[in-house]
Amino acid sequence: MPQQVEQDGKGDSIYKMADKDGEFRRKPSSFRSFISADPDSEFPAERNRYVLYINYGCPWAHRANIIRSLKGLDDIIQLVVMDFTLTPEGWVFNGNNGTMERDPLYGFTKLSELYLKADPTYKGRYTVPVLWDKKSETIVNNESSEIIRMFYSAFDNLLPITLRESSKPGGGYLPEDQRKEIEEMNEWVYEKVNNGVYKAGFATTQEAYLSHVIPLFQSLDRLEKHLEDRGTKYLFGEHITEADVRLYTTLIRFDVAYYTIFKCNYKMVRYDYPRLHRWLQNLYWEDNEETKGVFKRTTYFDAYKEGYSKAVKGAVVPYGPSVNIAPLSQ
Ligand SMILES: N[C@@H](CCC(=O)N[C@@H](CS)C(=O)NCC(=O)O)C(=O)O
């Protein structure tokens, strides 16, 4: 019996994501501490003290991976990459797909071991991303929306001036003057798009599926209109904000994985949403001051196709599409 399923008692298989009523409900994350620039805090920003555990398939882990590199924290926060195939024992280290054979810190083979080291009484799901503190040997935080916010500025004193939020022309990844608007968008994009694809994909009744897939496409229409009305390169102007990062990790998986595997097939980004498509292409292909080539470098299409196929319990990976993302000239 898989450990996770035993713990939350939700069914006979880890692959069964929906509750009895056919609805998939993502559970709140449990570890919610913050790294701080204050040297006297519980988790002070220090070089080589923290480790980010991810896999390349997960869109929430992808957010954290993108911001880690955009912020120039690659040499400050260690990255540990696990296999993207969900097993009956949860996420594992196995050396597959170019990932690590064992946890480099403790030699663990399962992510659950890390959670239980942090808290032997832990009863939740063993999710990525995880931000680990090597000094106090515990999980600082396992909620991506909070991990990325720590990365924006907590380590700024350790970074060259140009990489600090205070020197960014647009005000950084969460500019104070746009914070309200960005947070408003975060809310519905999370509910209807980021998590909407999962709620459609893991639904086990027609009713549950339709109740999520329809609002998903209405929200993509709304995002397309937002870009049209604003006429800006990114969602909130000429600089990347967290709204762009949070949407990117879902849209880059859309045509290659969610469209087929999660049955989100009413429209395709590439054919039906010209502005979102161009926005996505710019983020992926451009290598400039804004993107630093990080979006492309952290994108793994094969992991999306294979990882999601296995997560919905089918071992068969879709053959297409023939082009993962069209070049910028198209
Ligand atoms: N709210 C969390 C969600 C993280 C999450 O659900 N991650 C998925 C992978 S995409 C996971 O690890 N699932 C394993 C499981 O639920 O057992 C975050 O944003 O960090």
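Naming follows an unreviewed UniProt entry, where the protein appears as GST C-terminal domain-containing protein of Drechslerella stenobrocha 248.

A. Focus on the domain arrangement of the protein. One can read the domain layout of the protein as domain 1 (3–167) and domain 2 (176–311). Placing the centre of domain 1 and that of domain 2 at their C-alpha centroids yields a distance of 22 Å. When residues of the side of domain 1 that touches domain 2 are assigned to their parent elements, the largest contribution, eight residues, is made by helix α2 (residues 59–70). In terms of residue class, the side of domain 1 that touches domain 2 is made up of 12 nonpolar, six polar and three charged.

B. A look at the sheet that holds strand β3 (residues 130–133). Pairing in this open sheet of four strands is mixed, and the strands run β2-β1-β3-β4 from one edge to the other. In this open sheet, the two edge strands, each paired with only one partner strand, are β2 (78–82) and β4 (138–141). Put simply, the sheet's adjacent strands are angled 35° from each other on average, direction ignored. Here strand β1 (residues 50–55) pairs with β2 via five bridges, running parallel. Pairing of Tyr53 across the sheet is with Val80, part of β2. In the packing of α2 onto the sheet, contacts are made with β1 and β2, and the angle to β1 comes to roughly 130°.

C. The site of the ligand, seen in detail. Close contacts around the ligand come from 14 residues, with Cys58, Trp60, Arg125, Thr127 and Ser144 the closest. Taken together, the residues of the shell around the ligand sort by class into five nonpolar, six polar and three charged.

D. Geometry of the UniProt feature "active site" (unreviewed entry) in the protein. Mapped onto this numbering, the UniProt entry annotates "active site" (unreviewed entry) at Cys58 and Tyr198. A compact arrangement is adopted by the annotated residues: their sequence extent is 141 residues, whereas the largest C-alpha distance between any two is 11.6 Å. Among the secondary structure elements, Cys58 is positioned in the loop between β1 and α2. Tracing the backbone shows Tyr198 in helix α6 (residues 196–201).

E. Examining the confidence of the model for the protein more closely. When the pLDDT values of the protein are averaged, the result is 93; 95% of them are 70 or greater. Per-residue pLDDT stays below 50 along residues 1–12; that stretch engages in 18 contacts with residues further than four places along the chain or on separate chains. Note on the complex model: pTM 0.94, ipTM 0.99.

F. Representation of helix α8 (residues 242–261). Taking 1.5 Å as the rise per residue, α8 with 20 residues should run 28 Å; its terminal C-alpha atoms sit 27 Å apart, in good agreement. When the local axis directions of α8 are compared, the greatest deviation, roughly 80°, occurs at Phe254. The buried count for α8 comes to 19 of 20 residues, which makes it a mostly enclosed element. Directly after α8, the chain includes Lys263, whose backbone phi takes a positive value near 55°.

Calculation notes
Residues numbered from 1 in each chain as written. Predicted model: local features only at pLDDT ≥ 70, side-chain atom pairs only at ≥ 80, totals over all residues. Domains from an automatic or database assignment. Helix = DSSP H or I, 4+ residues; strand = E, 2+ residues; numbered from the N terminus. Nonpolar A, V, L, I, M, F, W, Y, C, P; charged D, E, K, R; others polar. Pairing = 2+ DSSP bridges. Axes fitted to C-alpha atoms, helices over the stretch in contact; angles between N-to-C directions. Contact = placed C-beta atoms within 7 Å. Near = placed C-beta within 6 Å. UniProt positions renumbered as here; feature names shortened; annotations may be inferred. pLDDT = per-residue confidence, 0-100. Expected span 1.5 Å × (residues − 1). Bend = angle between axes of the 7 residues up to and from the residue. Buried ≥ 20, exposed ≤ 12 C-beta atoms within 10 Å, placed from the backbone.

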